[in-house]
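# Structural description and commentary
The residues making up each chain are set out below.
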Amino acid sequence: MLEDNNIRNIFKTSKELIEEAYYQIQKYQNKEFIPAKTGYSYLDEAMMGGAFPQNAIAIGARPGVGKSYVGQIITGNLLNPLINPQASDYLLVNCEFEMNPMDLVTRVLSRKMGKPIKHFYDKPTSVEETKIKEILEQEKRNNIIYIPKPCGIAEFNKAITHVLNKNNGKKLIIVKIDHIALIKKMGGDPKRVMDDFVATINELKLAYGNVFFLVISQFNRDIEGRRSPKEHAPRMSDFYQSDELGQLCSIMVGLTNPRRMGYEEYMYFPATWYTNLDRFKPINKKTTFRTEGLLFHHVLKVRQGGIESLENTIFPEVMPGYGYLYGEGGVRYINNERPPEEPKSFTLENEEFDDSPYD
C-alpha cells in the first residue's frame, strides 16, 4: 500500500497545473524557446511551428523505403544553426537499433554527396577523399551521442534518464529511436515488451520538460496488398503496434515509395484535389500522381489542431537525381564506370533494394 506522502505526489492541484502550463506558454510567447524546425514545412505546420519539448512523433514505412533517411534529414536540420538559431543548445541522442556504424556513415556520405552508397566502397579520387573527410569531421560533434545497438527497456530508461538529468539546462534534447520494434525483448512477449517500451517513453516525455522523441517504426505488410488506386495511401493501422504508438505520438507520418511497388501512377482522387501538387501529376491527368523519383510523406495523425486544418497532408519528396523531372533543375547522376543496371521490379520476396539513399 502506498504511504500518504507517495499518494500525494500523484496529484497536482488545478492551480499548480494551470500555472505550470501558462509558464511554458509564456516561454514560447517570449521566444525563450523557439519551436525547432525540421526542414520539412508540412511537418513543421503539423507540429504547430516545429518540434516542441514533451512531444513525440512517429515516422513509419516498409523496409528500404526511406524512414531512416528521413530521420537523418530531420535530426540534421534540427541541429543546423542556420535553420534553428537555438541549435547550439540542443542535444541529440541517436538510438541506432538497426544500422551498424559503417551503414550510418555511408548513408550520410550518400545523402551529402549525391552518390550511390556502393560508390563509397571504391577508392575515392583525391577531391572526393577531401570532401569525405570534411563531411565526417562535421559529424564529430559534442552535441550528438549514440546508443549504437539494441538494449533492453531497463537499460534504455537508465541511460536516457541519466542524459536528461545531466542536461536539464538544455533547451531541447532530441531522442531518435531507429527503430522502435528492435528494443531487446529479453525473452518477453513481443507485444507486452512494446507496450512497456512505449509506456517508458511516455513517462520520460512527461517527466522531463526539454525532451522530444522522434520514433522510427516499421510498417506491416498490409500496404503491399492494396493494389486499387483508391487504397494506395498508408494508414495509421499500417504501423507496427499502431495503437500503442498512436497513444504516444502527437504526429504520425507514413512514407511510401510507390515506384518500388510497381506503380506507374499513385492514388486516385478528384481533379480538384491537391492542386498545389499539380507538378507531380501526369501532364494530361490531374486525378493521380506520378511515381518516378518520388517518396510520398502522408500525415496520418495530428493531435493538436486536427488534420483537417492542415494545408498539406501529402508531401511528395523528390529523390536525389530526379529534380529535373519536377522543375527543380539538376541532372540524373550517371556512373560511367559500369553499364546502367535494369531497374528491379518489386516482389514480396524481394522487398529490399540496393543502394537507395532512402534506407
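Basis of the calculations
Residues numbered from 1 in each chain as written. Predicted model: local features only at pLDDT ≥ 70, side-chain atom pairs only at ≥ 80, totals over all residues. Heavy atoms only, no water. Buried < 20%, exposed > 50% of the residue type's maximum accessible area, 1.4 Å probe, protein only. Helix = DSSP H or I, 4+ residues; strand = E, 2+ residues; numbered from the N terminus. Pairing = 2+ DSSP bridges. Disulfide = S-S within 2.5 Å. Phe/Tyr/Trp six-rings, centres within 6.5 Å; stacked < 30°, edge-to-face > 60°. pLDDT = per-residue confidence, 0-100. Contact = heavy atoms within 4.5 Å. Salt bridge = Lys/Arg side-chain N within 4 Å of Asp/Glu carboxyl O.

The two faces of the sheet receive side chains in turn, since in a regular strand these alternate between them. Within strand β9 (residues 294–302), nine of the nine residues are buried, which leaves it mostly tucked inside the rest of the structure. Judged from the five bridges that link them, β9 and strand β10 (residues 314–318) form a sheet pairing that is antiparallel. Its bridge partner lying in β10, His 298 is registered against Ile 314.

The subject of this paragraph is the state of the cysteines. Enumeration over the complete set of coordinates arrives at zero disulfides. The closest cysteine sulfur to the non-disulfide-bonded Cys 95 is located on Cys 151, 6.8 Å from its own sulfur.

Attention shifts here to the packing of aromatic side chains. One pass over the structure, following the stated rule, counts 12 aromatic pairs. Centroid distance Phe 219 to Phe 239: 5.1 Å. Interplanar angle 80 degrees. Geometry classified as edge-to-face. In this pair, Phe 219 is assigned in the loop between β5 (211–218) and α9 (242–248) and Phe 239 in the loop between β5 and α9, connecting sequence segments 20 residues apart. Judged by relative accessible area, Phe 239 falls into the buried class, the value being 1%. Cluster of aromatic residues (ring-pair linked, three or more members): Tyr 266, Phe 269, Trp 273, Tyr 274, Phe 289 and Phe 296.

On average, residues of the chain score 85 in pLDDT, and 89% of them reach the 70 mark or higher. Ignoring residues within four places in sequence, the model shows residues 333–359, a span with pLDDT below 50, making 53 contacts including any to other chains.

In this section: the pattern of salt bridges. As a working rule, side chains carrying opposite charge can pair if their charged atoms are close by. Within this structure, the stated rule accounts for 15 salt bridges. One salt bridge in this structure joins Glu 129 and Lys 133, with 3.7 Å as the shortest N-O distance. Placement of both Glu 129 and Lys 133 in helix α6 (residues 126–139) is noted, with a separation of four residues, approximately one turn of the helix. Residue classification places Lys 133 among the exposed positions, given a relative accessible area of 52%. With its nearest N and O atoms 2.8 Å apart, the salt bridge here joins Lys 281 to Asp 278. Among the residues examined, Lys 281 registers a relative accessible area of 2% and is labelled buried. Given a relative accessible area of 28%, Asp 278 falls into the partly exposed group. Taken together, the salt bridges that share partners define one network made up of Arg 62, Arg 221 and Glu 224.

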